[in-house]
Each structure stands twice: as C-alpha cells, then as structure tokens.
Amino acid sequence: MELFITILVTFFAGMGAGLGTGFAGMSAAAVISPMLITFLHIDPYIAVGIALSSDVLASAASAYTYGKNKNIDIRNGLVMMVSVLLFTIVGSYISSLIPSVAMGSFSTIMTLLLGIKFIVRPVMTTKETMENKSKKKKRALQSLLCGVLIGFICGFVGAGGGMMMLLILTSVLGYELKTAVGTSVFIMSFTAFTGAVSHFAIGSMPDVTVTILCIFFTLVWAQIAARYANKAKPETLNRAVGIVLVLLGVVIEVFSLV
C-alpha cells in the first residue's frame, strides 16, 4: 500500500512538473516539492533536492526538442547560465540556513500571476522582431545581470527560477515565447543539476525509489508538453502556458494549506 501511494503521488507530481517544464520552462520543484512534503512527509530541503534532480533530465530533453525546432538562443543563454549557476550555489547554501517554512510561497504567487499574464496579455513577439540588432547589443549584459537574480532564487527556494527566467526573457529581453521557453529549459537543465548536487552535498541523500519515480514521470510528461508546444500556434501556446500555470499555481496553493 505504501508503494502504491508513493507511485500515485510521484505520478501526479511528475505530470504537473513535466507539463510545467515542457510548456513554460517551469522548475519541477514548484510542483514536486509541496506534493512530496504533504503526502510523503519528506523533509522540505530533501524534497527540493529530489525535485531539482527530476528537473535535470526533463529540462535537458525539452531543450533538445526546442533546439531541434530552432527555438533556443544558445549564445545569450550561455551568458545567463554562467551567472545563474554561480548564484544557484549561493542561494542553495543560504536556503540551508533558513527555516523550511520560509521556502516556496514566492513560486506559488509567481506561477499564478505569470499564468494570468499569458492569458490576458499573450506574448506575440515574432522571431523577426526578437532578432532586431539594436536589442542584441544589450542582451549580453542584461542576461548576465538577470542571471544573478534568477540563480539566487532558484537555489534559495528550489523554484521560481524558471518562472523568473520566462518572465525576463519575454518581457525584458523581448524573446518570442517558444524561444524563451527553449532557452529557459536549456539553462534550467544546468541550474537544476547544480542545485541538486548542492542540496545533497549540503544535506543528505534522498529516498532512491521516490527520486527515480519523480525523474521518470517528469521526463515523460515534459517530452509530451515540449513536442506539443513546438507545433502549436503562438496564440494557442500562450493560452496553454497560461492555463497550465494557473492550474499548477492553484494546486500548489491548495497543497500548501493541507
């Protein structure tokens, strides 16, 4: 019975996390962590580490799918990734010194607001507009500075980094939605790996069964979402991203109140 509950919880956690990752570059920790904490009574710090581990393959596989469809900006993504990686470690260390109850509420609010934003004000930027040369000159510095903030948030709460990245890529750097998500999951595959290693190095090793199940289910659903997203029209993708984020935000909030 205990194994059945573990499989059930990790399946739905992986489904929510995978859809969020594949559609919006969302960190798996935003969904997986509260579910593991609520239903399997896993320590919050370890739950974040498991979620970040699940994020690694799911984000990498999604990035491959987006890259295959030419929806990744690797050059600027690498610039942002360097600062994100460094400050993910800093954030992860500081989060180990903070009471667990202080972690997670930020990502829930961010998920809800961003979901509403995509429904009400969809991102309709085209690749032609995004590739405007005058904007390119500013992107390297902007990517570096924004990466510092995103990395710290990702390491500190184990969530929110993907949401912040998507918001910044679309609103600050002017990316069209598919390229923003593709670039986000590309960066998140590295930041999630760094965050997971940092969490387990600072804390302790997680439950192997729960970790493997979360990684598997998240990977499967992330691939389903990424393949659909790359074929969808911009209007449809904006609605899909918005609906997924709002639903996930509501579910996460419900779990936090249980």
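**Considerations on the confidence of the model for the chain**
Of the residues in the chain, 87% reach a pLDDT of 70 or more, and the chain-wide mean stands at 82. For the chain, per-element mean pLDDT is lowest for helix α7 (residues 133–157), which scores 72, and highest for helix α10 (residues 208–231), which scores 94.

**Considerations on the packing of helix α3 (residues 44–68) against helix α9 (residues 177–202)**
One can describe the packing of α3 onto α9 by two numbers: an axis separation of 7 Å at closest approach and a directional angle of 150°. Considering how the two elements wind past one another, α3 and α9 form a crossing that is left-handed. Among the residues making up the contact of α3 with α9, the classes are represented as 18 nonpolar, 9 polar and 2 charged.

**What to know about α9**
Its 26 residues give α9 an end-to-end C-alpha distance of 36 Å, which sits within 8% of 38 Å, the value for a rise of 1.5 Å per residue. Along α9, the largest kink reaches about 25° and is centred on M188. Buried residues dominate α9, accounting for 21 of its 26 residues.

**A look at the packing of aromatic side chains**
Using the criterion set out here, one finds 6 aromatic pairs in the structure. With 5.3 Å between their ring centres and 85° between their planes, F11 and F217 make a pair best called edge-to-face. With F11 in helix α1 (residues 2–24) and F217 in helix α10, this residue pair connects regions lying 206 residues apart in the sequence. For F11, a relative accessible area of 28% translates into the label partly exposed. On the basis of relative accessibility, which here comes to 13%, the residue F217 falls in the buried class. Members of the aromatic cluster, each reached through a chain of ring pairs, are F11, F12, F216, F217 and W221. Directly above the aromatic system of F118 lies the positively charged group of K117, at a separation of 5.0 Å from the ring centroid.

**Some words on unusual backbone geometry**
Even without glycine at this site, H41 takes up a positive phi of about 55°. By secondary structure assignment, the location of H41 is in the loop between α2 (29–39) and α3. If you check the backbone angles, K70 has positive phi at about 60° while not being a glycine. Mapped onto the elements of the fold, K70 is located in the loop between α3 and α4 (74–95).

**Quick look at the nonpolar core**
Soluble, globular proteins show a tendency: their nonpolar side chains are buried together. If you look at the biggest cluster of nonpolar residues, it comprises 60 residues, and the most contacted ones within it are L36 and M80. Once residues within four sequence positions are removed from consideration, M80 is found in contact with S143, C146, G147, I150, M165, L169, L173 and I187.

**Here we look at the environment of T10**
Looking at the secondary structure, you find T10 in helix α1. Judged by relative accessible area, T10 falls into the buried class, the value being 0%. Along the sequence, T10 and M35 sit 25 residues apart, while their C-alpha atoms lie 8.1 Å from each other. Among all residues touching T10, those that are not within four sequence positions of it are L36, V210, L213, C214 and F217. Engagement of the side chain of T10 in a polar contact is seen with the backbone oxygen of T6, the distance being 2.7 Å.

How each quantity is defined
- Residues numbered from 1 in each chain as written.
- Predicted model: local features only at pLDDT ≥ 70, side-chain atom pairs only at ≥ 80, totals over all residues.
- Heavy atoms only, no water.
- pLDDT = per-residue confidence, 0-100.
- Helix = DSSP H or I, 4+ residues; strand = E, 2+ residues; numbered from the N terminus.
- Axes fitted to C-alpha atoms, helices over the stretch in contact; angles between N-to-C directions.
- Left-handed = near helix turned anticlockwise from the far one by under 90°.
- Nonpolar A, V, L, I, M, F, W, Y, C, P; charged D, E, K, R; others polar.
- Expected span 1.5 Å × (residues − 1).
- Bend = angle between axes of the 7 residues up to and from the residue.
- Buried < 20%, exposed > 50% of the residue type's maximum accessible area, 1.4 Å probe, protein only.
- Phe/Tyr/Trp six-rings, centres within 6.5 Å; stacked < 30°, edge-to-face > 60°.
- Lys NZ or Arg CZ within 6 Å of the ring centre and 35° of its normal.
- Core = buried A, V, L, I, M, F, W, Y, C linked by side-chain atoms within 4.5 Å.
- Contact = heavy atoms within 4.5 Å.
- Polar contact = N/O pair within 3.5 Å; in protein donor to acceptor, adjacent residues only side chain to side chain.

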